Amino acid sequence: MPFMKFVKSLALPSEMLPPIIEEESHFDPETEHSAAKLGMWLFLATELLLFGGLFAAYAIFRAKYPEMFLEGSASLDVVLGTVNTVILIFSSYTVAIAVSAIQENRIRLVKWMLWITIICAAIFAVNKYFEYSYKISNGITPGTDIFYSIYYAATGVHMLHVFIGMAVLGVLLKKVNEGRYHKGNFTAIEIGGLYWHLVDLIWIYLFPLLYLA
Amino acid sequence: MVNSNTYKQYFNIWLLLMFLTVITVGAAQFDFGSLNIPIAMLIASIKAGVVALHFMHLKYEDGMTWIFATYPIFLLFLLIAFSATDIFTRVVN
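Residues take numbers from 1 onward in each chain, read along the sequence in its written order. Whichever chain is written first becomes A and whichever ligand is written first becomes 1, with later ones labelled in order. Owing to the predicted nature of the model, reporting of local features is limited to residues with pLDDT of at least 70; listing and counting of side-chain atom pairs is limited to 80 or more, with chain, interface and lining totals taken over all residues.

1. What about the overall build of chain B?
Part 1 of the argument: Helices and strands together make up the secondary structure of chain B, namely three helices and zero strands.
Part 2 of the argument: In this description the radius of gyration comes from C-alpha coordinates, and the expected globular size is given by 2.2 Å times residues to the power 0.38. For 93 residues, the compact-globule formula gives about 12 Å, and the C-alpha radius of gyration of chain B, at 18 Å, lies well above that figure.
Part 3 of the argument: Once the C-alpha set of chain B is aligned to its principal axes, its extents read approximately 65 × 40 × 10 Å.
Part 4 of the argument: Any residue with 12 or fewer other C-beta atoms within 10 Å of its own C-beta is exposed, any with 20 or more is buried, and the rest are partly exposed; the C-beta atoms used are placed from the backbone. For chain B, the residues scored as buried account for 14% of the 93 residues in total. By definition, any uninterrupted DSSP run of H or I lasting at least four residues is a helix, any uninterrupted run of E lasting at least two residues is a strand, and each is numbered from the N terminus.

2. Points about the overall build of chain A
Part 1 of the argument: A tally of helices and strands in chain A yields seven helices and zero strands.
Part 2 of the argument: In sequence order, chain A lays out its α and β elements as α-α-α-α-α-α-α.
Part 3 of the argument: Sorting the 213 residues of chain A into buried and exposed places 35% on the buried side.
Part 4 of the argument: Throughout, a pair of residues is in contact if the C-beta atoms placed from their backbones lie within 7 Å. Considering only contacts within chain A whose residues lie at least 6 apart along the sequence, 79% involve residues at least 24 apart.

3. Observations concerning the packing of helix 3 (residues 66-74) of chain A against helix 6 (residues 146-177) of chain A
All names here are of chain A.
Part 1 of the argument: Angles shown run from 0 to 180 degrees and are taken between the N-to-C directions of axes, each axis being a line fitted to C-alpha atoms and, for helices, limited to the stretch in contact. At a closest axis distance of 8 Å, the pairing of helix 3 and helix 6 adopts a crossing angle of 55°. Considered as vectors, helix 3 and helix 6 are oriented oblique to each other. In contact with Met68, Phe69 and Gly72 of helix 3, helix 6 contributes Ile146, Phe147, Tyr148 and Tyr151.
Part 2 of the argument: Amino acids are sorted into nonpolar (Ala, Val, Leu, Ile, Met, Phe, Trp, Tyr, Cys and Pro), charged (Asp, Glu, Lys and Arg) and polar (every other residue, Gly among them). Of the residues in the contact of helix 3 with helix 6, the class split is six nonpolar, one polar and no charged. Orientation labels follow simple angle bins: below 35 degrees gives roughly parallel, above 145 gives roughly antiparallel, 65 to 115 gives roughly perpendicular, and whatever is left gives oblique.

4. Notes on the domain arrangement of chain B
Buried accessible area, meaning the area lost when the parts come together, often serves as the stated size of an interface.
Part 1 of the argument: For the domain bounds, the source is a domain assignment made automatically or taken from a database. Taken domain by domain, chain B comprises domain 1 (1-60) and domain 2 (62-93).
Part 2 of the argument: Taken over C-alpha atoms, the centre of domain 1 of chain B sits 23 Å from the centre of domain 2 of chain B.

5. Describing unusual backbone geometry
Part 1 of the argument: One non-glycine residue, A:Asn105, lies in positive phi territory at about 65°.
Part 2 of the argument: Take A:Asn105: it is sitting in the loop between helix 4 (78-102) and helix 5 (107-137).
Part 3 of the argument: Not every positive phi belongs to a glycine, and B:His57 is a case in point at roughly 60°.
Part 4 of the argument: Counting through the fold element by element, B:His57 comes out in the loop between helix 2 (36-55) and helix 3 (63-88).
Part 5 of the argument: For B:His57, a count of 19 C-beta atoms within 10 Å gives the class partly exposed.

6. Some thoughts on helix 2 of chain B
Part 1 of the argument: Expected span of a helix: the number of residues minus one, times 1.5 Å. Over its 20 residues, helix 2 of chain B runs 28 Å from end to end, which matches the ideal 28 Å to within 8%, given 1.5 Å per residue.
Part 2 of the argument: Of the surrounding elements, those touching the buried residues of helix 2 of chain B are helix 4 and helix 7 (187-211) of chain A together with helix 1 (4-27) and helix 3 of chain B.
Part 3 of the argument: Phi turns positive one or two residues past the end of helix 2 of chain B, at B:His57, with a value near 60°.

7. Details of the environment of A:Tyr205
Part 1 of the argument: Positionally, A:Tyr205 belongs in helix 7.
Part 2 of the argument: Note: C-alpha distance between A:Tyr205 and A:Ser149 (56 residues apart in sequence) is 17 Å.

8. Some words on the interface of chain B and chain A
Part 1 of the argument: Counting residues at the interface gives 32 residues for chain B and 32 residues for chain A.
Part 2 of the argument: Those elements that place two or more of their residues in the side of chain B that touches chain A are helix 1, helix 2 and helix 3 of chain B.
Part 3 of the argument: It is helix 3 of chain B that contributes the most residues to the side of chain B that touches chain A, 13 residues altogether.

9. Comments concerning the nonpolar core
Part 1 of the argument: Think of a nonpolar core as buried Ala, Val, Leu, Ile, Met, Phe, Trp, Tyr and Cys residues, each tied to the set through C-beta atoms within 7 Å. Residues A:Ala98, A:Ile102, A:Leu114, A:Ile202, A:Leu206 and A:Leu210 are the most contacted members of the largest nonpolar core, which totals 64 residues.
Part 2 of the argument: Looking at this core, the elements with two or more residues in it are helix 2 (29-64), helix 4, helix 5, helix 6 and helix 7 of chain A together with helix 1 and helix 2 of chain B.
Part 3 of the argument: Looking at this core element by element, the count peaks at 16 residues for helix 7 of chain A.
Part 4 of the argument: Discounting chain neighbours no more than four positions away, the residues touching A:Leu114 are A:Ala98, A:Leu169, A:Leu172, A:Leu173 and A:Val176.

10. Concerning the packing of helix 6 of chain A against helix 7 of chain A
All names here are of chain A.
Part 1 of the argument: At a minimum axis separation of 10 Å, helix 6 and helix 7 run at an interaxial angle of 160°. Taken as axis vectors, helix 6 and helix 7 run roughly antiparallel relative to one another. The handedness of the crossing between helix 6 and helix 7 is left-handed. Each of Tyr151, Ala154, Thr155, His158, His161, Val162, Gly165, Val168, Leu169 and Leu172 in helix 6 lies in contact with helix 7, whose residues at this interface are Ala188, Ile189, Gly192, Tyr195, Trp196, Val199, Ile202, Trp203, Leu206 and Leu210.
Part 2 of the argument: Taken together, the residues of the contact of helix 6 with helix 7 break down into 15 nonpolar, five polar and no charged. A clockwise turn of the near helix away from the far one marks a right-handed crossing, whereas an anticlockwise turn of less than a right angle marks a left-handed crossing.

Following this line, the structure appears as structure tokens:
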């Protein structure tokens, strides 16, 4: 059967076939790790531009109505704002420790750091709740003037990120407790940490712009 | 990437950020006139840079990540600069 011999000769020997890929998305874990991180940085870029609209509104209205902004920011509680700044920076520090500790398999330290971060976020939220309710009970709402409109919008969108960050850290903590993360699998903690640092970064700008202007 | 020095470094970075926060609040007690906002933004940007470089590990990342991390700052600059140029050069409101 010379014809069948010819057909068989067309088939590639098995060692020449492309390998069967078992990983779902990427060829090797290291590529997956750096791709996930790059994706997170791109997401953070979109987050910065989400706040960018508010920063632009702030810049323009502040230039147009400087007295309104001075008066408005003087009415905000600098002590509470400073306390919240210190809390957020400390929580950024604890998340950074967690990201490094998981790479050394120091699971207990990771759990502690994630807990402390979540508690810091909760204290931040409680302070903000008192701040908002004090303002609102004094009749100061987003409709009072443009300064408070921007104040409520900017801190409100930031607060939303604090809550999302708490949820992200909570899921990470749950999975750490289940033993899902270790030295060889810590990408989720690293990119979750990046998200939390962004919450801190935004506040670093909001604090002087709103409270100290 | 992680070694015995890492945690000590984080602690020092945290101290530096606390120090810069004190400076932020301290500088706001003085009136530098039209320089108030530039000074506040300069200190905030130093803090943000320290957080990005050390806590977010940007100093260990490759060029592509640096591009992704810095181009939104440029976009933000465009957004604010062009909006302001529009608003403040209008002849008819």
